[in-house]
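# Residue-level structure breakdown
If you want the building blocks of each chain, they are given just below.
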Amino acid sequence: MGRALRVSRWRKGHPDIEIADQQVGEHPVPALVKASTAAHLVVVGSRGLGGFASALLAPVGHGVLHRAACPVAVVRPRGKAS
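In this report, the structure presented in the accompanying data block is examined. (Residues numbered from 1 in each chain as written. Predicted model: local features only at pLDDT ≥ 70, side-chain atom pairs only at ≥ 80, totals over all residues. Heavy atoms only, no water.)

## Observations regarding the overall build of the protein chain
The criterion, for reference: Under the scheme used here, helices are H or I runs from DSSP no shorter than 4 residues and strands are E runs no shorter than 2 residues, and both carry numbers assigned from the N terminus. Think of it in three bands: residues with accessible area under 20% of the maximum for their type are buried, residues over 50% are exposed, and the middle band is partly exposed, with areas taken using a 1.4 Å probe on protein chains only. Pairs of residues are marked as contacts when any of their non-hydrogen atoms sit within 4.5 Å.
Counting secondary structure elements, the protein chain contains 3 helices and 2 strands. When the elements of the protein chain are put in sequence order from the N terminus, they spell out α-α-β-α-β. The buried share among the 82 residues of the protein chain stands at 16%. The long-range share in the protein chain, meaning contacts at least 24 apart out of those at least 6 apart in sequence, stands at 63%.

## Things to note about a nonpolar patch on the surface
As a reminder, the rule being used: Candidates for patches are residues over 30% relative accessible area with no salt bridge; among them, like charges are joined within 9 Å and nonpolar side chains (Val, Leu, Ile, Met, Phe, Trp, Tyr) within 5 Å. The Shrake-Rupley method, run with a 1.4 Å probe sphere, supplies the accessible areas, and residue values consider only the shown protein chains as cover. The working definition used for a salt bridge is a side-chain nitrogen of Lys or Arg within 4 Å of a carboxyl oxygen of Asp or Glu.
Judged by side-chain polarity, Leu41, Val43 and Val75 come together as a nonpolar surface patch covering roughly 250 Å² of accessible area. You can see Val75 is positioned in strand β2 (residues 72-75).

This is the structure we're talking about:
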């Protein structure tokens, strides 16, 4: 399923939530940190690794979590709970 379809489904299912969908040409950490200054929540995905690896964040998630100006939610792919 493509990104546009996933975002479209979220918008349709949650019309009261503003979802900003942008493509930028810079590294994700500075781009998301910059976007966090105008956001109520930044959501980043995890790789969905299991075991010990699941306790570690990828560099993007780690960078955003520690530098964002708003709360950050780190989510796993469906079916990847530890």
